[in-house]
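Tertiary structure, described
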Amino acid sequence: MALPKDGHRYEIVNGELIDMGNSGALHGYICSLLVAALASYVLPKKLGIILDSSTAFKMKNGNRRSPDISFFAKERLQGMTELPSGFLDGAPDLAVEVLSPGNTVEEIHDKLVEYFENDTRLAWIVHPSEHYVLVYRCAQEPDRLLKSIDSLDGEEVIPGFTFPVADLFQKLLF
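In what follows, the accompanying structure is described. These numbers were taken from a predicted model, which means no experiment stands behind them.

Cut-off values and rules
Within each chain, residues carry numbers counting from 1 in the order of the written sequence. Per-residue local features are limited, in this predicted model, to residues with pLDDT of at least 70; the limit for side-chain atom pairs, both in listing and counting, is 80 or more; totals at the level of whole chains, interfaces and linings are taken over all residues. Computation of side-chain values: all heavy atoms of the structure, hydrogens and water removed. We call Phe, Tyr and Trp rings a pair once their centres come within 6.5 Å, taking the six-membered ring for Trp, and we label the pair stacked below 30 degrees between planes, edge-to-face above 60, and tilted otherwise. In DSSP terms, a helix is any run of H or I states spanning at least four residues, a strand is any run of E spanning at least two, and both are numbered starting from the N terminus. Only protein chains enter the accessibility calculation, which uses a 1.4 Å probe; a residue is then buried when its area is under 20% of its type maximum, exposed when over 50%, and partly exposed in between. As used in this record, nonpolar core signifies buried Ala, Val, Leu, Ile, Met, Phe, Trp, Tyr and Cys residues forming a set joined through side-chain atoms within 4.5 Å. Should any heavy atoms of two residues lie within 4.5 Å, those residues are considered in contact. Only residues whose relative accessible area exceeds 30% and that form no salt bridge are eligible for patches; like-charged ones are grouped when within 9 Å, while nonpolar side chains (Val, Leu, Ile, Met, Phe, Trp, Tyr) are grouped when within 5 Å. Note on areas: these come from Shrake-Rupley sampling with a 1.4 Å probe, and a residue is covered only by the protein chains present in the view. Any carboxyl oxygen of Asp or Glu within 4 Å of a side-chain nitrogen of Lys or Arg constitutes a salt bridge here. A pair of strands counts as paired when DSSP detects no fewer than two bridges linking them. Lines are fitted to the C-alpha atoms to define the axes, a helix being fitted only along its stretch in contact, and any angle between axes, read from their N-to-C directions, falls within 0 to 180 degrees.

Inspection of every chain in the model, using the stated rule, returns 3 aromatic pairs. Considering the side-chain rings of Tyr-41 and Phe-161, the 5.7 Å spacing of their centres and the 65° angle between planes classify their relative orientation as edge-to-face. Note that Tyr-41 is positioned in helix α1 (residues 25-45) and Phe-161 in the loop between β12 (151-153) and β13 (162-164), a separation of 120 residues in sequence. As far as the burial class goes, Tyr-41 and Phe-161 line up, both buried.

Right, let's talk about the nonpolar core for a bit. The biggest cluster of nonpolar side chains holds 29 residues, and the ones touching the most others in it are Leu-34, Leu-94, Trp-124, Val-126, Leu-152, Ile-158 and Leu-168. Going through the elements one at a time, α1, β6 (69-73), β8 (94-98), β9 (122-127) and β10 (132-136) are the ones with two or more residues in this core. Looking at this core element by element, the count peaks at 8 residues for α1. Dropping the residues within four chain positions of it, Leu-94 is found in contact with Leu-38, Ile-69, Ser-70, Phe-71, Leu-122, Ala-123, Trp-124, Val-157 and Ile-158.

A cluster of nonpolar side chains, namely Tyr-29, Leu-172 and Phe-174, defines an oily patch on the protein surface of about 430 Å² accessible area. Position of Leu-172 relative to the elements: it lies in the segment after β13.

In sheet architecture, strand pairing relies on hydrogen bonds along the backbone and comes in two forms, parallel and antiparallel. Strand order across the open sheet formed by 6 strands is β3-β6-β8-β9-β10-β11, with mixed pairing between neighbours. In this open sheet, the two strands that pair with only one neighbour each are β3 (48-52) and β11 (144-146). When the angles between neighbouring strand axes are averaged without regard to direction, this sheet yields 15°. As paired elements, β10 and β11 share 3 bridges and run antiparallel to each other. Paired with Val-133 across the strands is Leu-146, a residue of β11. Each of β8, β9 and β10 touches helix α2 (residues 105-117); the most contacted strand, β9, lies at about 160° to it.

Listed below in structure tokens is the structure:
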């Protein structure tokens with residue numbers, strides 16, 4: 001909560017402050033599309049909450065992780081009438097990471113391991129330059145590779161939610 005106010009995103013990993021930097025326009029656009037789609041589906045159905053990348057979650061090992069997009073199911077928020085100004089304990093039910101050019105395989109794997117060790121049930125790793133999404137149900141290996149002809153599926157985490165993968169990678173037409 002006492003992080004620098006320099007506009008950068010930070011995570012605390014193994015006691016060290018990691019500057020996640022800023023993301024580019026494509027990254028932000030893909031995140032915005034997914035946040036809008038998820039929020040317009042989740043909120044009216046009162047399934048839980050959608051959070052953006054400025055939200056950090058407190059992991060069991062003390063690390064603070066900030067997925068690009070998070071869904072926290074209402075069942076995990078029982079007893080709360082409002083969200084805390086501090087961190088939520090555990091990882092979100094759905095964690096979405098949109099890859100940036102600087103991300104490494106090891107970095108993403110480490111995040112997935114922590115997410116699933118801290119109650120994540122589903123993760124989507126979006127690869128903007130290659131136009132695919134990897135779907136994880138555990139950290140060891142992806143469950144599915146989704147291409148532009150496929151759709152994201154909220155499965156039992158966000159029942160009934162779907163979103164065409166192709167819509168994440170559309171060219172600007174205006």
